[in-house]
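Residue strings, one per chain:
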Amino acid sequence: MSAPWLMVLASLLFATMGVCVKLASAHYATGEIVFYRGLVGLAMMSAVARWQGGTLRTAVPAMHFWRSISGVTALCLWFYAIGNLPLATAMTLNYMSSVWMALFLVGGAIMLGGQRVDGRLIATILAGFAGVALILRPTIEHDQLWHGLVGLLSGMLSATAYLQVTALGRAGEPEYRIVFYFSLGGVAAGALSMLWTGFTPHRTLEGPASLLAVGLLASIAQLLMTRAYGTGRTLVVASLQYLGIAFAFLYGVLLFGDRVTWMALAGMGLIVGAGLGASLLRSQAAPPDARQSTLES
């Protein structure tokens, strides 16, 4: 399968994972969903490491620890937003990570003082946040502003995690090892949260089935997306990644009866355009070996 089709399939699987998270949220707390998602990820990445003849031992445990802190926190916030917002809204707010990364780049340039700030990058940031305003306005009417802000924060922390994963890749860490320790962090965080929220017994088949599906879909989508970025043109693959928003929008309308508003659609369009623009500008400014991370969630 060619890289573009790999990315299309990965985007569909991530959107389908969002559906399963929303279904699981009716039975389990967010921390429990993260816990089970991590368990499945651990099993799958251990199998991948064994199949590739690799090892899970790492020489940079501190880097994995800090990456897990930001990545798992972002994942918890995202799953919480999925459970409480229209599916496409939660997905789109998490996809703001590219715009957040552009904001970090501009902020770093200003702090250094010696670099000229690219006006086009500032324009993509403003467009992205204008899209957020359009998306959140319909949810304010339903007292969901808090959930929208949580989803927005998940995108910001995802951007931080992406930067850390890039650093791990440059340190020579293979993809399966990065995802393994991320999954281990999810298991630890989920277990700690269950000390507070308690353990939910599996009373129906739908509950454990949705949990298993979350872990399987996320892990398979990660591998497909990693392969797509590894074999295809980065900008083409990155643009197809935003199909996940379209898939999530269709799922939300067809399965959950989510409302369709022109403001939400316009906001999604602005965020997609801003994300693509930010990715293009970052790729032009980045060194040749830099590559956008694809291992979140």
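Note that the coordinates shown come from a computational prediction; the quantities given were computed from them, not determined experimentally.

Caption draft 1: Here's a closer look at the overall build of the chain. The secondary structure content of the chain amounts to 12 helices and 0 strands. Helices (α) and strands (β) of the chain occur, in sequence order from the N terminus, as α-α-α-α-α-α-α-α-α-α-α-α. Going through the 297 residues of the chain one by one, you find that 51% of them count as buried. Total accessible area computed for the chain in this model is approximately 13600 Å², and 68% of it derives from carbon and sulfur atoms.

Caption draft 2: Looking closely at helix 1 (residues 3–24). Over its 22 residues, helix 1 extends 31 Å from the first C-alpha to the last, a length consistent with the 32 Å expected when each residue adds 1.5 Å. For helix 1, the buried fraction is high: 17 of the 22 residues fall into the buried class.

Caption draft 3: Quick peek at the packing of helix 3 (residues 61–84) against helix 4 (residues 87–94). For the pair helix 3 and helix 4, interaxial distance at closest approach is 7 Å and the crossing angle is 155°. In terms of orientation, helix 3 and helix 4 fall into the roughly antiparallel class. In the packing of helix 3 onto helix 4, the handedness of the crossing is right-handed. Residues W78, A81 and I82 of helix 3 form the contact with helix 4, whose own contacting residues are L87, A90, M91 and N94. Among the residues forming the contact of helix 3 with helix 4, the class breakdown is 6 nonpolar, 1 polar and no charged.

Caption draft 4: Region of the structure containing helix 4. In terms of residue burial, helix 4 counts as a mostly covered element, since 8 of its 8 residues are buried. Taken together, the buried positions of helix 4 are occupied by L87, A88, T89, A90, M91, T92, L93 and N94.

Caption draft 5: Structural detail: a nonpolar patch on the surface. Nonpolar side chains collect at one region of the surface, where L250, V253, L254, L255, V260 and L265 lie side by side and expose about 560 Å² of accessible area between them. If one sorts the elements of the nonpolar patch by residue count, helix 11 (residues 243–256) sits on top with 4 residues. Checked against the element boundaries, L254 lands in helix 11. Residue L254 is classed as exposed on the basis of its relative accessible area of 70%.

Caption draft 6: The nonpolar core, seen in detail. Core analysis: the largest hydrophobic core is formed by 75 residues, its most contacted members being M17 and F79. If you tally residues by element for this core, the top one is helix 1, at 12 residues.

Caption draft 7: Fine view of the confidence of the model for the chain. Here the chain averages 84 in pLDDT, while 89% of its residues score no lower than 70. The element-level mean pLDDT for the chain is lowest in helix 10 (residues 234–241), coming to 72, with helix 2 (residues 30–51) highest at 95. Note on residues 287–297: pLDDT under 50 across the span, and 41 contacts to partners over four residues away in sequence or across chains.

Caption draft 8: Geometry of the packing of aromatic side chains. Scanning the entire structure with this criterion turns up 7 aromatic pairs. Through pairs of rings, three or more aromatic residues link up here, namely Y28, F35 and Y36. Seen from the ring of F256, K22 lies directly overhead, with NZ or CZ sitting 5.7 Å from the centre.

Caption draft 9: Highlighting the pattern of salt bridges. One pass over the full model with this rule turns up 1 salt bridge. Linking E173 and R177 is a salt bridge whose minimum nitrogen-to-oxygen distance equals 2.8 Å. Across the pair, exposure class does not vary: E173 and R177 are buried alike.

Caption draft 10: Examining the packing of helix 3 against helix 8 (residues 175–197) more closely. Contact geometry for helix 3 and helix 8: axes closest at 9 Å, N-to-C directions at 60°. Considering the angle they form, helix 3 stands oblique to helix 8. Considering how the two elements wind past one another, helix 3 and helix 8 form a crossing that is right-handed. Here H64, R67, S68, G71, V72 and L75 of helix 3 come into contact with helix 8, specifically with R177, I178, Y181, F182, G185, G186 and A189. In terms of residue class, the contact of helix 3 with helix 8 is built from 6 nonpolar, 5 polar and 2 charged.

Thresholds applied
Residues numbered from 1 in each chain as written. Predicted model: local features only at pLDDT ≥ 70, side-chain atom pairs only at ≥ 80, totals over all residues. Heavy atoms only, no water. Helix = DSSP H or I, 4+ residues; strand = E, 2+ residues; numbered from the N terminus. Buried < 20%, exposed > 50% of the residue type's maximum accessible area, 1.4 Å probe, protein only. Areas by Shrake-Rupley, 256 points an atom, 1.4 Å probe, with all protein chains shown as cover. Expected span 1.5 Å × (residues − 1). Axes fitted to C-alpha atoms, helices over the stretch in contact; angles between N-to-C directions. Parallel < 35°, antiparallel > 145°, perpendicular 65-115°, else oblique. Left-handed = near helix turned anticlockwise from the far one by under 90°. Contact = heavy atoms within 4.5 Å. Nonpolar A, V, L, I, M, F, W, Y, C, P; charged D, E, K, R; others polar. Patch = residues over 30% accessible without salt bridge, like charges linked within 9 Å, V, L, I, M, F, W, Y side chains within 5 Å. Salt bridge = Lys/Arg side-chain N within 4 Å of Asp/Glu carboxyl O. Core = buried A, V, L, I, M, F, W, Y, C linked by side-chain atoms within 4.5 Å. pLDDT = per-residue confidence, 0-100. Phe/Tyr/Trp six-rings, centres within 6.5 Å; stacked < 30°, edge-to-face > 60°. Lys NZ or Arg CZ within 6 Å of the ring centre and 35° of its normal.

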